[in-house]
Structure formats: C-alpha cells, structure tokens
Amino acid sequence: MRYYPAFLDLTHARCLVVGYGGVGRRKLATLLEASPASVLVLDPSDRATHPEDAQRLLDAPQVVYASRSFEERDLDDVFLCTAATPSLEENGRIARLCRDRGVLCNVADDPDAGSFIVPSHVELEGLTVALSTGGQSPALARRLRRDLESYLAGYGALSTLLGRLRPRVLALGMETPVNTAIFRGLVESNLKDALAAADHEKACGILRAHLPDALHPVLEDLLHDLV
C-alpha cells in the first residue's frame, strides 16, 4: 500500500488552492465541505471572468481570492495545498516547495508529484466511505462510487442511529464485551432494512430485542426523523 488512508480535520487549518480553472473549482468545492478555517485561492485572472457558480464558491466566508500568481511566501502557515495551475512545471515547483516545508500537497492530474491524492467518496447522513485506485484510474473510482451509493442506501440512517445510541449505552457503565455484543447485534440485524423502509414498528421491535430495559424509554428519541 503506497498511500496511508486518513480523514483530515481541517476546521483549524489554513489551506491554499493555486489555479482556479475547472479542476481548481472542484478542489475548492470539496475543501469547503470540510469547513477549513481559511482558504486562499490564487489565480492570475480577474474574479469576474469566472462562471457564476465558480464565483459563488468564492463568496464563502473563509475564502480569500487573490488575482495573482503563486509565491513561496503563500505557503506560510499553510497545512494543505492544491496545485491546479495549467502548467505541470509550475505544479511540480509548488509540490517541491510544499515537500520542503512539510505541507501536504495534492497536484491535479499528476498524483505522483504531490504527497496525497483525494479519494472518491460517498457521504450519506454522516456516513462517509472513501475509495481510491491509487491514482491509476479516476474513471474506475467514479464508477465504484456510483455503485457504493446504491449499495449503501439505508446505512446512513443506521449510522445516525448508532451515533445517537453509543453515548447512552456507554453511560450505563456495562462491561466492554456487553457493549460490543449490543452494537454487533444491531449491525447484523434487520435494523437497516427497517429504517430504509420507514417501518417504525419493526425498528422499535429490533431495538427492544437488543437493548437493555433501561434504554427502552428513549427509543422514540433514537428514531426521531429516521422513520
């Protein structure tokens, strides 16, 4: 395995996007979904020349747009950088400077030049599944993502419910093997199908069968907005 799989918390991170063509816009849109502390976007063209949807991305409160080329000082205090200029040479230069400074760098259309790649991912109600072909075939990654979206239907609601349930189970102070058995039992049960079918009665029955009596009074809270 060449790449180390990880999910990054960018809420306190300063990010940089160099180049705001089609690829740069897609990279910025993905970054903004992670709510970074700030994103500096650099591009020599005037902001007004970009399509309307691209300009809307730049309106995000944490985004600063500068109509100029990249300078090394732009990497000061940056945690993550995306090099998406039309020039492979310039992207490579940015990647080398990032490497020297210990800045994570993704290089558009040249994964070997950077230090990380952005995987395709599926996100459903708090459940995120990421997949990668190691940069060998983005087209295959997109196909697998579509297949996963169909397969994972219903798992988002289950993930939300288990997230609500976990602190309540842990608060009971039971032994770890008991907690493990509860969650494994629910995951292996038909609870996902009951949630997907919006079958409130069946979902309640499954929860009652697997949960301690002390949690039966909170079943409605657990299922709120899910069925």
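Residues numbered from 1 in each chain as written. Predicted model: local features only at pLDDT ≥ 70, side-chain atom pairs only at ≥ 80, totals over all residues. Heavy atoms only, no water.

For the protein chain, the name recorded in an unreviewed UniProt entry is precorrin-2 dehydrogenase, with Oceanidesulfovibrio marinus as its organism. UniProt's Pathway (unreviewed entry) comment on the protein chain is quoted here verbatim: "Porphyrin-containing compound metabolism; siroheme biosynthesis; sirohydrochlorin from precorrin-2: step 1/1." On record in UniProt, under Catalytic activity (unreviewed entry), the comment for the protein chain is "precorrin-2 + NAD(+) = sirohydrochlorin + NADH + 2 H(+)". (UniProt positions renumbered as here; feature names shortened; annotations may be inferred.)

(A) Structural context of the packing of helix α5 (residues 155-171) against helix α6 (residues 176-188). Two elements in contact, α5 and α6, have axes whose closest approach is 11 Å; the angle formed by their N-to-C orientations is 160°. By the angle between their axes, α5 is roughly antiparallel relative to α6. Pair α5 / α6 crosses with right-handed handedness. Between α5 and α6, the contacting residues are L162, L165, R166, V169 and L170 on the first element and N179, I182, F183, L186 and V187 on the second. In terms of residue class, the contact of α5 with α6 is made up of eight nonpolar, one polar and one charged. (Axes fitted to C-alpha atoms, helices over the stretch in contact; angles between N-to-C directions. Helix = DSSP H or I, 4+ residues; strand = E, 2+ residues; numbered from the N terminus. Parallel < 35°, antiparallel > 145°, perpendicular 65-115°, else oblique. Left-handed = near helix turned anticlockwise from the far one by under 90°. Contact = heavy atoms within 4.5 Å. Nonpolar A, V, L, I, M, F, W, Y, C, P; charged D, E, K, R; others polar.)

(B) Examining unusual backbone geometry more closely. The phi angle at S35 is positive, at roughly 50°, despite the residue not being glycine. Among the structural elements, S35 can be located in the loop between α1 (22-33) and β2 (38-42). Despite not being glycine, D225 shows a phi value in the positive range, around 70°. Along the chain, the position of D225 falls in the segment after α9 (219-223). Among the residues examined, D225 registers a relative accessible area of 65% and is labelled exposed. (Buried < 20%, exposed > 50% of the residue type's maximum accessible area, 1.4 Å probe, protein only.)

(C) The packing of aromatic side chains, seen in detail. Following the criterion strictly, the structure yields one aromatic pair and no others. On the basis of an interplanar angle of 65° and a centroid distance of 6.2 Å, the ring pair of Y20 and Y65 is categorised as edge-to-face. In this pair, Y20 sits in the loop between β1 (14-18) and α1 while Y65 sits in strand β3 (residues 63-66), placing the two residues 45 residues apart along the sequence. The ring centre of Y20 lies 5.8 Å from the NZ or CZ of R25, which sits over that ring. Directly above the aromatic system of Y155 lies the positively charged group of K192, at a separation of 4.9 Å from the ring centroid. (Phe/Tyr/Trp six-rings, centres within 6.5 Å; stacked < 30°, edge-to-face > 60°. Lys NZ or Arg CZ within 6 Å of the ring centre and 35° of its normal.)

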